[in-house]
Each structure stands twice: as C-alpha cells, then as structure tokens.
Amino acid sequence: MKFENILIEKSEQIATIIINRPTKLNALNKKTIYELGLAFDNLQNDDDTKVIVLTGSGTKAFVAGADISEFADFSVHQGAALAAEGQETLFDLVQNLETPVIAAINGFALGGGLELAMAAHFRIASNNAKMGLPEVSLGVIPGYGGTQRLPQLVGKGKAFEMILTANMLSAEEALKNGLVNYVTTPEDLLPLCYKLAKKITRNSSRAIAAAIRAVNANYDTDVDGYLTEINEFGHCFGTADFKEGTSAFLEKRPADFE
Ligand code: COA
C-alpha cells in the first residue's frame, strides 16, 4: 500500500514505520493519523511482522505535535471530535496492539508526538530528544491520552509539572523519570531498538499478545487486571507455543515458535 506521509520498511520480522513530514517536523495532520492507523492495523495482521519500531524522519523530530494549522479555527464540537477520533483511530489502537511497538524518539516529541510515543509499549530516545506536552501554552490541554498516560509513566506530580509548565524534558531527564527506557546517541538509536526487537521476535507471539492484554488491563478501570492475568495465563496452556516452549526447555534446545 502506498502512503503519502509515512514510510514502512520490513526486515527480519521487524517493521519500521517512519513518519515522513520532515519539513513540518512530522506534525500529525489528519491524513498522517489515518495512514498510521491503517499501517498499524495492517502490520498487526501481517504474520511476518513480530515487532514494530516507530520513528520520525530527519534528525530533528520524532513528531512535533498535532498539526496546529489544521485545528486552529475549530469549534468546541470539532475539538472534541478531533480528540475522540484520534484516540480511537490511532492512540488506543497502538496501546492495545498485540504486536509490540517500540517508539524510537529521535528528536522533538511534543504534544501528540509524545502522546503517540507514550501509547507505544516502550520508548527509547536519542540524546538530542526533547519531550513535553506544551498544549496549555496554546490554550488547550493534551487530547490524545496525554493526561492519562503521562501520570502512568512518570507519576502524578511530575506529570502535573510537565503539563502545567509546558516544559520540555531532555532525554536524560526523561530516562530519570521513567518516560524512556534507554538513551543513546542518534546513530545508535535504531540499532538498539532492533537489538531489543530481535530478542522479542524469538519469543512466543501468542504469549506476547497475552502479556500485552494483561498489562494493559492494569490501566482499564472496567476490568480486574488480576483476573485478566489468570485467564490469559490459563489460555496459554492451550497453545502450541506453550507446548513448544516447555518441550524445548526440557529437551535443552531453543524453542521454534510458529
Ligand atoms: N503543527 C504544525 N506545524 C508545525 C508543528 C505543529 N505542531 N511543529 C512544527 N511545525 C512546522 C512549523 O510551522 C514550520 O513550518 P514552516 O517552515 O512551513 O513555517 C516547520 O514545522 C519547522 O518548525 P519551526 O518552528 O520553524 O522549527 P524550530 O526549530 O524553530 O522550532 C519547535 C521547533 C518544535 C520548538 C517548534 O516547531 C514548535 O514549538 N512546534 C509546536 C510544538 C507544539 O506546540 N506541539 C503541540 C501541538 S498540540
């Protein structure tokens, strides 16, 4: 499929999605959000993709936010619809994707850009990255899940500080606050993502999907996370991957999952 604002590369069961509007610092306009939603959905159904790495093109930005030029004259109703559609089409989709998503933050990750990175399963940043939710400086608040996911990752106090001051964190500060898992040089960013992704590809995709559902249940107030874990754990026992994984261990050989 041909996209206008994103590129997709695939190698060794790892797909890389590159948001490709570098002249606009990869700002998320409506079309980019739509294309990203479609790409994630396609890749989740692609048997040959076991991990997705998400990054921005160029050296300056991961994503510098939602495209401000598209919503500057919106009404109350249009504003609410923008947030609702974006959350459904992309941000919730990424969070609940059963194929793991690693965000490779290669520069500015602001507003919707940081919200997108936070929807991913984990994040790695290059040392030139800057991360923040500057929406209140525009007279609005984060609308793509930022007020919910930021406190989950950095704690309520730090989230309030970031959102209320609109300050950006450096990569090192983001590391210290649990927003990213590692900080690398720009050159090492994708290689580190691929190294971790490669490790993930060796594990059972079915068990990984179950783990994602169980961890996400912790943040869903409508479900009992412990019960979800019990059920997901039980379901694993009925899979060929469980038979293969346990047999391989007992036979002292590497597992070969379907
Ligand atoms: N929406 C739309 N366009 C954006 C954008 C956004 N969120 N962020 C950057 N751009 C565009 C700029 O308008 C500019 O386009 P132009 O060359 O056609 O004028 C281009 O990207 C380059 O950005 P510029 O501001 O010139 O780069 P800079 O290095 O001076 O500043 C930032 C970089 C990230 C500090 C600055 O672009 C910025 O503050 N962006 C908005 C961040 C934001 O508030 N995001 C939350 C949105 S809810």
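Residues numbered from 1 in each chain as written. Predicted model: local features only at pLDDT ≥ 70, side-chain atom pairs only at ≥ 80, totals over all residues. Heavy atoms only, no water.

Enquirer: Which parts of the structure should I look at to understand the nonpolar core?
Expert: Grouped burial of nonpolar side chains is what soluble globular proteins tend to show. Core analysis: the largest hydrophobic core is formed by 45 residues, its most contacted members being Leu36, Phe40, Ile105, Met131 and Leu179. In this view, leucine 179 contacts Leu114, Met118, Arg123, Met131, Leu150, Leu153, Val154, Met162, Leu169 and Ala174; residues no more than four positions away in its chain are not counted. Counting residues in each nonpolar core, the second largest holds 14 residues, with Val51, Ala104, Ile124 and Ile200 among its members. (Core = buried A, V, L, I, M, F, W, Y, C linked by side-chain atoms within 4.5 Å. Buried < 20%, exposed > 50% of the residue type's maximum accessible area, 1.4 Å probe, protein only. Contact = heavy atoms within 4.5 Å.)

Enquirer: What should I look at first to understand the domain arrangement of the protein in this one?
Expert: Where interface size is quoted, it is often the accessible area lost as the parts come together. As far as domains go, the protein holds domain 1 (6-201) and domain 2 (205-250). Averaged C-alpha coordinates put domain 1 and domain 2 at centres separated by 26 Å. Carbon and sulfur atoms make up 56% of the area that domain 1 and domain 2 hide from each other, which totals about 690 Å². Where domain 1 meets domain 2, there are one salt bridge. The residue glutamate 98 makes a salt bridge to arginine 213 at a minimum N-O spacing of 2.7 Å. Among the residues forming the side of domain 1 that touches domain 2, the class breakdown is three nonpolar, five polar and two charged. (Domains from an automatic or database assignment. Buried area = accessible area lost by both parts, 1.4 Å probe. Salt bridge = Lys/Arg side-chain N within 4 Å of Asp/Glu carboxyl O. Nonpolar A, V, L, I, M, F, W, Y, C, P; charged D, E, K, R; others polar.)

Enquirer: Help me understand the sheet that holds strand E8 (residues 130-132) in this model?
Expert: Strands sit in the order E4-E6-E8-E9 across an open sheet of four strands; the sheet is mixed. Looking at which strands have only one partner, the edges of the open sheet turn out to be strand E4 (61-63) and strand E9 (169-170). Bridge analysis of strand E6 (residues 108-110) against E8 gives three bridges, and the strand direction is parallel. Each residue of the ladder has a partner; that of phenylalanine 108, found in E8, is lysine 130. The sheet strands contacting helix H4 (residues 112-119) are E4, E6 and E8, and the helix crosses E6 at an angle near 90°. (Pairing = 2+ DSSP bridges. Helix = DSSP H or I, 4+ residues; strand = E, 2+ residues; numbered from the N terminus. Axes fitted to C-alpha atoms, helices over the stretch in contact; angles between N-to-C directions.)

Enquirer: What is the right way to read the site of the ligand from this model?
Expert: Taken together, 15 residues lie near the ligand, and Lys24, Lys60, Ala64, Ala66 and Ile68 sit nearest. Lysine 60 is positioned with one of its side-chain polar atoms (N or O) 2.5 Å from an oxygen atom of the ligand. Isoleucine 68 places a polar main-chain atom, nitrogen or oxygen, 3.0 Å from a nitrogen atom of the ligand. About the coverage of the ligand: the protein hides 59% of its 860 Å² of free accessible area. Here the residues of the shell around the ligand sort into nine nonpolar, two polar and four charged. (Near = heavy atom within 4 Å. Polar contact = N/O pair within 3.5 Å; in protein donor to acceptor, adjacent residues only side chain to side chain. Areas by Shrake-Rupley, 256 points an atom, 1.4 Å probe, with all protein chains shown as cover.)

Enquirer: What am I meant to see in the sheet that holds strand E5 (residues 101-105) here?
Expert: The pairing of strands in a sheet happens through backbone hydrogen bonds and is either parallel or antiparallel. The six strands lie next to each other as E1-E2-E3-E5-E7-E10, forming an open sheet whose pairing is mixed. Looking at the sheet topology across the chains shown, the edges are occupied by strand E1 (6-11) and strand E10 (182-184). The mean angle between the axes of side-by-side strands here comes to 20°, regardless of whether they run parallel or antiparallel. Sheet topology note: the E1/strand E2 (residues 14-19) ladder contains six bridges and is antiparallel. Bridge pairing links lysine 10 to alanine 15 in E2. Strands E1, E2, strand E3 (51-56) and E5 of the sheet are contacted by helix H1 (residues 30-44), whose axis makes an angle of about 180° with E2.

Enquirer: Would you mind going over the pairing of E5 with me for this structure?
Expert: On any regular strand, side chains alternate: one points to one face of the sheet, the next to the other face. Across the five residues that make up E5, a large majority, five, are buried. Along E5, one buried face is formed by Val101, Ala103 and Ile105 and the opposite face, lined by Ile102 and Ala104, is buried too. Strand direction decides the pairing type here: E5 and strand E7 (residues 122-126), joined by four bridges, are parallel. Opposite alanine 103, over in E7, you have arginine 123 as the bridge partner.

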